[in-house]
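If you want the building blocks of each chain, they are given just below.
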Amino acid sequence: MMIEEPTDADILLGRGVRINNHPGNEAYREIIHQNAEIYAASSKSEKTQLSTTIVTQLLNANPPRRFLEKSSATAGDDDAAGRWVEVPLKRAVTKTSQALRDTARDGRAKQKERGTAIHNDNGGGAHNLQSFQQQQPEEQQLTALSKDGSINNINPAAAAPIDASGMTASHQSLKQGIPFSPILPSLLTSANNNQQVRQDEGRAVLFGPPTSMEGGDDGAATNTFGQKFGEGIENEQLDNFLDDFGSGFLDDIVDSAPIGIDIVGGVENQSVAVALADWILKEFACKGGCGIDGQLTMSAYLNSALSIAIKLTEVVNDFPLESILLKNVFVAPSSAMQLGMMNALQQQEDDFTVVIRCQPSLSGSRGGVDVDGTLNDRLFAVGKILVPLFSGAVDEVGYDDSKRSSSPTMDSINLNSSERPAKRKQAKPSHVSAQLERLDLPPPVKAILSDLLECGQGEFVGDEAYTSFGDLLVDLKLLKKAGLSRFLQSPSIEVCDKICGRDKEIEALNASYSNPNTQGILIMGTGGVGKSRMAMHILQQTRNDGGLIFCTKFEQNQDVLTPLSRICAIFSDMIDLFVTAATPSTLLSISNNLDNTLGNHASLLYEVLPSLARIMPSCCQVRLSHIDRMNMANSMRFLFCKLLEVLTSYQSAKITMLFDDVQWADLASLGIISSLLDNNETTKRVYYTFCFRDNEVNNDWLLWLNSISAYSLDRIKLESLNPDGVNEFVSEALHLFPRLTRPLSSVLHRKTGGNPLFVRHLLSSIGRFDGIASPSSTSTPRLKGGEIYFSLSRRRWAWDVDKIEDLEMADDVVSFLVAEMQQLSEILMFGLKVAACIGSRMSPTVIGILSAELNICMNDTLVQLFKRGFLSKQGSGSNSQFEFGHDKIQEAAYGCMSSEEQRANHIRFGLALYPRSRVYDKSNDELLFLAINQMNKAGPDSVFDADQKHIIASLNLNAGKRAGELSDFQTAFSLFRHGISFLPADSWEKHYETTVELYDSAAEAAVLINDLDVVALYVTVIYTQAKCFEDKLNCMNVKLKALIHETRFVEAMETFLMIMNGAGEPALLPAHEITSDMKALSAVMGGMTNAALLSLSKMQRKRTISLMNIYCDFAQILLIVDPTLSPAISLRMMQITVEEGLCSRSPIVFSRFAQSLLSCNEIGLSIRFGRLAMKLLEREDAAECSPSVYSASYYVLWLAQPFQAMIEGFKLGKKVAEQSGDVFNTLGNYALTCLMSYITGEPLGEVRKKSIDCISCMKEQNMVAFIGLQAILHCQIVALAEGNHMVDAETVDDVISGEKQCLASSEGNNDAMITYESNRLVRAFLFRELDSESCSIADKIFDPTLPEEPFRAVTIFFVGLAAFYFAREEKDKLGDRALKWMKIGEEALNKVECWSSHSAWNFQNKLLLLRAEKKYCIGEPDSAKSLYEESILSAQEHKFIHEEGIVHELYGHFSLERGHRPDALRSFNSSVKCYMDWGALAVARRLEDFVRSNFPEERASLGLMTSFVGAYGTTEGETAA
């Protein structure tokens, strides 16, 4: 295109004084001076990038600074002589490079005082623009070009030199969070914005980085650099701007029209409307003529103008074509219409009402084709109104003030006029296009106007002209909402991170996040559909709410990582935050809280989470000598849950945790995640977000997904984008209006199926900027090889749809990426293959090792791959870490190799990495696992030397052990299995020890991951190949553990007996057959002092230690399988201890032996050994035994300490068992806590809650053996509170069925039957429903084979009470029944008397009550009265509220029978009060009914309340009487 005359902004090529003194050239030389020194210090590629950036910024300035040269006349084209033409981009870059080079060489670059780019020295924190400006001295003002080419002082951030990487120093500042202004002035002001910028290197940005497209708090949109519209100040150059404007332009556009108007738009008070022309002049002078340091800004004005344009577009279809003129348009802000005041026009108001006047003769035929004209005519007419509206130049187009009315009234509106205006002439489109270029308007505004005015070209209308008012309305609204930055062009495609085409999904995300009853969300879909990007929306929501975010991403090849590393990453970040932000006092509080919560087992968590020591120093100071691997996974889950619980308790804001690509998480990590979801203490403070591919999951993962379905997790399924979504994506990337990109995006959608990842890479590929190619013509230069190219003449992206349509390409993203990669150079392709073999990321350490091995600079190669978009980068220089931008890219890169090449690379890299991994400590485990994984991927077929195979097998053994220490048994099993695969064929002969250990370890790991078929396979191999029994012992123990884990107790018993037989151990005999052996050992042990027992030597023999572990593990199961054999195991364990010494399991040995002594009536010695067991727990290596010892104390120490103190012991045992992951002892101690709480008379309401939770936990863990006993106890608790009828209910508290159903489910369990009959007796006694059937327990409870324990003791107490009751009832009857019951009562009395001699606290009140009942039976009332009173006092003193109630009631009946009614009434009332305090409301109601019936007059005279129950409470689900 020929140019008649260059502007002052243009840069002229050529020689001569005129060209040299041209304002544009002077400004150009100033920029060259500013950047010459940087150019001289740059590399060759950086120099080219610097020159390109300068040229593209100049071309995209406003107004554009074109590079022009004189056109030479050619044959037949004499008119071209003397005119100017725009030079190609490549030549402009070459000239700029030459100017920079010459200036630097000749020393003509003058150093000006300027502020340097701010480097963020606080680790990446962001500064705002105000603080940045305050750091600059006032005299440090930089220079930049003004509109007329002169040099103006501007803010230092606005003209920073372009640095060697191709970005201005201001761009570098923005990478660190610091805002900047462009190198060139424009109509737009600098940014005051704190947006983060993409970390893409070498990307030229013409006017600055993408900014927020949303408005500020007041709803105003933002301009290019984030500044709100309307923040400008008065501009002194307005006059110059108006002078430069073409005076004749609008003469051709706006014609006059007859006066006489019609009003629409809901205007109720037209007196406040003002002519649009008047509004333009007034508002443009106020807003549009504002400036900062000589820079013109029209942002505030344009925002208001856009509001008017939108309203005009919305109503213009209701008017005839002849009325659509500037002079006929009136506007008023909505506030003015509401208030009816002219001064409202002075407000900053963007919501306008538009008023158009039309001829009365046309009002009746609106909508007619003849009157309205064609659609193009109407669009063209609107364009002629919008030109002066956006430009602000009304007077320059000959607007006639004499014909203008600034405020039309209803009186001036002629609705009946028949005058019809004459037809208007068409404007001159060619002149319009030329004049439009002279307008000082932002490019996107010019684009709208140009495409509107193009509608006036008639049959020559262009492809991009508007075709509907709907499209125009969309463009105007988008421009207002997104701001000008949305449309600023760059010569490199900026693939946006904005979520496109997901409005419904975003709405669902927001609803889920704001729902307080939702724990999180599952985002699912195929690879590349944008799941992670959707999750980022939740993270941003959390940031906006002032919350905390923690993220982790699982990898497809998890075994290259340290076990649990992805889970630990989240907690490490959390710990780092607390260490950084918390006060010293808070950190101390956290440390103390963790010490109490995690205990010694924190050392287990420290193994996988070393950063724990930063907030809990004690975690690395204690080591556990014995860890039951069967419980480690449970322990780890508990520890992580408690750690999160403690940390979140110090954080009031919401926390969001993102687990990305969770379909690749290992089972150990999934277990921890499940436990986190199950933790009620954190569910209200943590929002969990999971992203996974629903088409790449295995059966184990689906089972996990099903297991978490009970939690309140929402779900969102993402599909590929529809055509509109793809168009939105392409529009954002190319910074164009969506209507313009629709043809391109339609093709891209067909090619990619709408997969966002595919669209992104295809768009980048066909528009990639690999350099500047010579264009085929000077007007349409193209990027090298790009079907999408940047057009300099149009200053925007363009494309060839037909070429893109004809592209032959793969139909999936992986195949497409493979094809793209195959175009890379050999060195880049090799670097990509290396990265793909290593995994999803490469650390600086790995890069350094491989660089030395491969003799190449891997870092430089990876940087080039980063620039091409295959990798992402963190850090800089030699500390850079590289990751694949998406796992599909890694998959494609890995697929570029044959299987042979893959194996060769893996073995080579593994052998290179492993030697270096040995010099690192445990904090660098990842290098070890990476090296081993590389060798394992190569496989044994890649290794031909037998010795090297043995070495790799040994390495897998060591790595598997380390994985086991970190409680990741899935990884451990995988490593052991790989180790077995590397074993040479003759390994059982040449490498026997390594082979046995590998098989043993693999079998044990298989138990831990519940793969029992593999366990059986490996155990069979060892049992067949092992040379001696000792080598078989461990694998047999593994088999035993597997059977116990599966609750196959009968088979477990058979295996246990087989092991003991093979080891030569004596046979286990029933208790009555080992009495003599027990007495003999008791005599020996009784003769030793406590000091001597505690100082026994340490057990040394490995075989003996293994047997002791087997005995201890099976002793607990034997209580369920065959309790009669428990004394025999206890005897044998103590015999081994006396012979071989103490071990880490000795506390269990002593506690079990104490229990057996009690069954032999050796009470004193039993208590002594029970206390010794507790003493042994104080040793560091015995902490793991605590749960078992505490539960065993139930059978021993109940005669040595208060029942209430035992409850605290069981709670501690439960806590330690949870810490160690011991489910069996956790639930055992929990059940004992509930039982002892019931026995001690704790409020039944609290006991009931604990029992419900205990039963729920048992169901979750499938502990069937425990559920029956606990369910029977729960029925008893509910019956005492609500009534005896509850035992026959179908369901109780929605957790269990009725008592008899519970008993039936425990068929064959003698303990369950004893418990059932005992509870039936207690209820019968408390509800006064005693009969012979309810007392059937009396015939069984004194069986000497039954273990001595608290529940049996309490049952015997109630048997004694019932026996004395029946003895009194049968006293006057014939027969010996009274004597029988008397004998039973005395037997019970003797038992309680014996126990009371050892523990008066627990049994004194019971003993006194039984004695009182006996005295009552034999007719000694005075003695009985005294004993009743003593029993009451004893029960009060020892805190047995329920037994105090029983004594009061029995004393009441005693007094009533003797005729002491007042004493009886007082006793009954006291009893009711005690029952109420206990929570036995049904019992209290029964007694109250009795009192009400038998003491009506006395109650009234004493002023007693009608109902104690009504006063103190009701049973659940009932109302007070």
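To start, this report covers the structure provided alongside it. Everything numeric in this text was worked out from a predicted model, so none of it was measured. (Residues numbered from 1 in each chain as written. Predicted model: local features only at pLDDT ≥ 70, side-chain atom pairs only at ≥ 80, totals over all residues. Heavy atoms only, no water.)

### Concerning the overall build of the protein
Then, in step 1: Each helix and strand in the protein was counted, giving 64 helices and 22 strands.
Then, in step 2: Here the protein holds 1521 residues, and 57% of them are scored as buried.
Then, in step 3: Counting only carbon and sulfur atoms, one obtains 49% of the accessible surface of the protein, whose full area is about 62200 Å². (Helix = DSSP H or I, 4+ residues; strand = E, 2+ residues; numbered from the N terminus. Buried < 20%, exposed > 50% of the residue type's maximum accessible area, 1.4 Å probe, protein only. Areas by Shrake-Rupley, 256 points an atom, 1.4 Å probe, with all protein chains shown as cover.)

### A short note on unusual backbone geometry
Then, in step 1: Here the phi dihedral of H735 falls at roughly 55°; this positive angle occurs in a residue that is not glycine.
Then, in step 2: With a phi angle near 55°, D1293 is a residue other than glycine that sits in the positive phi range.
Then, in step 3: Relative to the helices and strands, D1293 resides in the loop between β21 (1291-1292) and β22 (1296-1297).
Then, in step 4: On the basis of relative accessibility, which here comes to 26%, the residue D1293 falls in the partly exposed class.

### Remarks on the pattern of salt bridges
Pairing between side chains becomes possible if they bear opposite charge and their charged atoms approach one another.
Then, in step 1: On inspection of all chains with the given rule, the structure shows 56 salt bridges.
Then, in step 2: Linking R614 and D576 is a salt bridge whose minimum nitrogen-to-oxygen distance equals 2.4 Å. With a gap of 38 residues between them, R614 in the loop between α21 (602-608) and α22 (629-648) and D576 in helix α19 (residues 565-581) connect regions that are remote in the sequence.
Then, in step 3: The class for R614 is partly exposed, based on a relative accessible area of 45%.
Then, in step 4: We note a salt bridge from R750 to E805, for which the minimum N-O separation is 2.5 Å. One end of the pair, R750, is in helix α26 (residues 738-752); the other, E805, is in helix α28 (residues 801-805), and 55 residues separate them in sequence.
Then, in step 5: Residue E805 is classed as partly exposed on the basis of its relative accessible area, which comes to 33%.
Then, in step 6: Through salt bridges that share partners, R486, K498, E728 and E732 make up one connected network. (Salt bridge = Lys/Arg side-chain N within 4 Å of Asp/Glu carboxyl O.)

### Concerning the packing of helix α45 (residues 1102-1121) against helix α47 (residues 1146-1159)
Then, in step 1: Direction vectors running N to C along α45 and α47 enclose 40°, while the axes themselves pass 11 Å from each other. As far as their axial angle goes, α47 and α45 are oblique. Both α45 and α47 take part in a crossing whose hand is left-handed. Here M1108, C1112, A1115, Q1116 and L1119 of α45 lie close against α47, whose contacting residues are I1148, V1149, R1152 and Q1155.
Then, in step 2: Of the residues in the contact of α45 with α47, the class split is six nonpolar, two polar and one charged. (Axes fitted to C-alpha atoms, helices over the stretch in contact; angles between N-to-C directions. Parallel < 35°, antiparallel > 145°, perpendicular 65-115°, else oblique. Left-handed = near helix turned anticlockwise from the far one by under 90°. Contact = heavy atoms within 4.5 Å. Nonpolar A, V, L, I, M, F, W, Y, C, P; charged D, E, K, R; others polar.)

### Some points on the nonpolar core
Then, in step 1: Ranked by size, the top nonpolar core spans 179 residues in total, and within it F67, M821, M842, F1114 and F1169 carry the most contacts.
Then, in step 2: For F67, the contacting residues outside a window of four places in its chain are I11, L13, Y28, V55, L58, L59, V85, E86, V87, A92 and T96.
Then, in step 3: Membership of the second largest hydrophobic core comes to 97 residues, among which are F1266, F1327, A1353 and A1362. (Core = buried A, V, L, I, M, F, W, Y, C linked by side-chain atoms within 4.5 Å.)

### Topic: the sheet that holds strand β19 (residues 871-874)
Then, in step 1: If you walk across this open sheet you meet the three strands as β18-β20-β19, and the pairing is antiparallel. The open sheet terminates on both sides in strands that have one partner only, identified here as β18 (841-842) and β19.
Then, in step 2: The pairing of β18 with strand β20 (residues 881-884) spans two bridges and is antiparallel. Bridge assignment links M842 to a residue of β20, and that residue is F882.
Then, in step 3: Helix α32 (residues 858-867) contacts β18, β19 and β20 of the sheet and is inclined by roughly 120° relative to β19. (Pairing = 2+ DSSP bridges.)

### A few points about the sheet that holds strand β2 (residues 67-70)
Then, in step 1: Spatially, three strands are ordered β1-β2-β3 in an open sheet, and the strand pairing comes out mixed. Each end of this open sheet is capped by a strand with a single partner; those strands are β1 (11-12) and β3 (84-86).
Then, in step 2: Strand direction decides the pairing type here: β1 and β2, joined by two bridges, are parallel. Across the sheet, I11 pairs through a bridge with F67, a residue of β2.

### Things to note about α32
Then, in step 1: Counting buried positions along α32 yields seven of ten residues, so the element is predominantly enclosed.
Then, in step 2: Turning to α32, its buried residues number three or more, namely M858, N859, T861, L862, V863, L865 and F866.
Then, in step 3: Those residues of α32 hidden inside the fold are in contact with α30 (826-838), β18, α31 (844-854), β19 and β20.
Then, in step 4: The positive-phi residue at the C-terminal boundary of α32 is G869, with phi of around 90°.

### Description of the packing of helix α13 (residues 375-391) against helix α16 (residues 469-482)
Then, in step 1: Close contact between α13 and α16 brings their axes to 11 Å; oriented N to C, the two are set at 25°. Compared by their axis directions, α13 and α16 come out roughly parallel. Counting all contacts with α13, which are made through L375, R378, L379, V382 and F390, the residues of α16 involved are F469, L472 and L476.
Then, in step 2: Across the contact of α13 with α16, the residue classes break down as seven nonpolar, no polar and one charged.

### Section: the environment of F944
Then, in step 1: Within the secondary structure, F944 sits in the loop between α35 (925-938) and α36 (946-965).
Then, in step 2: Look at F944 and you get exposed, because its relative accessible area is 75%.
Then, in step 3: Between the C-alpha atoms of F944 and P984, which are 40 residues apart in sequence, the distance is 10.0 Å.

### A few points about the environment of V1084
Then, in step 1: Looking at the secondary structure, you find V1084 in helix α43 (residues 1075-1086).
Then, in step 2: For V1084, a relative accessible area of 45% puts it in the partly exposed group.

### Side note on the side chain of S1126
Then, in step 1: Looking at the secondary structure, you find S1126 in helix α46 (residues 1126-1140).
Then, in step 2: In this structure, S1126 is in contact with L1118, L1119 and S1156, ignoring residues within four places of it in sequence.

### Structural notes on the packing of aromatic side chains
Then, in step 1: Following the criterion strictly, the structure yields 36 aromatic pairs and no others.
Then, in step 2: Between Y1428 and Y1451, the aromatic rings sit 5.5 Å apart at their centres with planes inclined by 35°, giving tilted as the arrangement. Pair noted here: Y1428 is in helix α59 (residues 1421-1437) and Y1451 is in helix α60 (residues 1441-1457), with a separation of 23 residues, a long-range link.
Then, in step 3: Its relative accessible area of 0% is what places Y1428 among the buried residues.
Then, in step 4: Accessibility expressed as a relative area gives 9% for Y1451, which makes it buried.
Then, in step 5: Three or more aromatic residues joined by ring pairs make a cluster, and in this case those are F659, Y688, F690, F692, W701 and W704.
Then, in step 6: Of note, K1214 hangs over the ring of Y1230, and the distance from its end group to the ring centre comes to 4.7 Å. (Phe/Tyr/Trp six-rings, centres within 6.5 Å; stacked < 30°, edge-to-face > 60°. Lys NZ or Arg CZ within 6 Å of the ring centre and 35° of its normal.)

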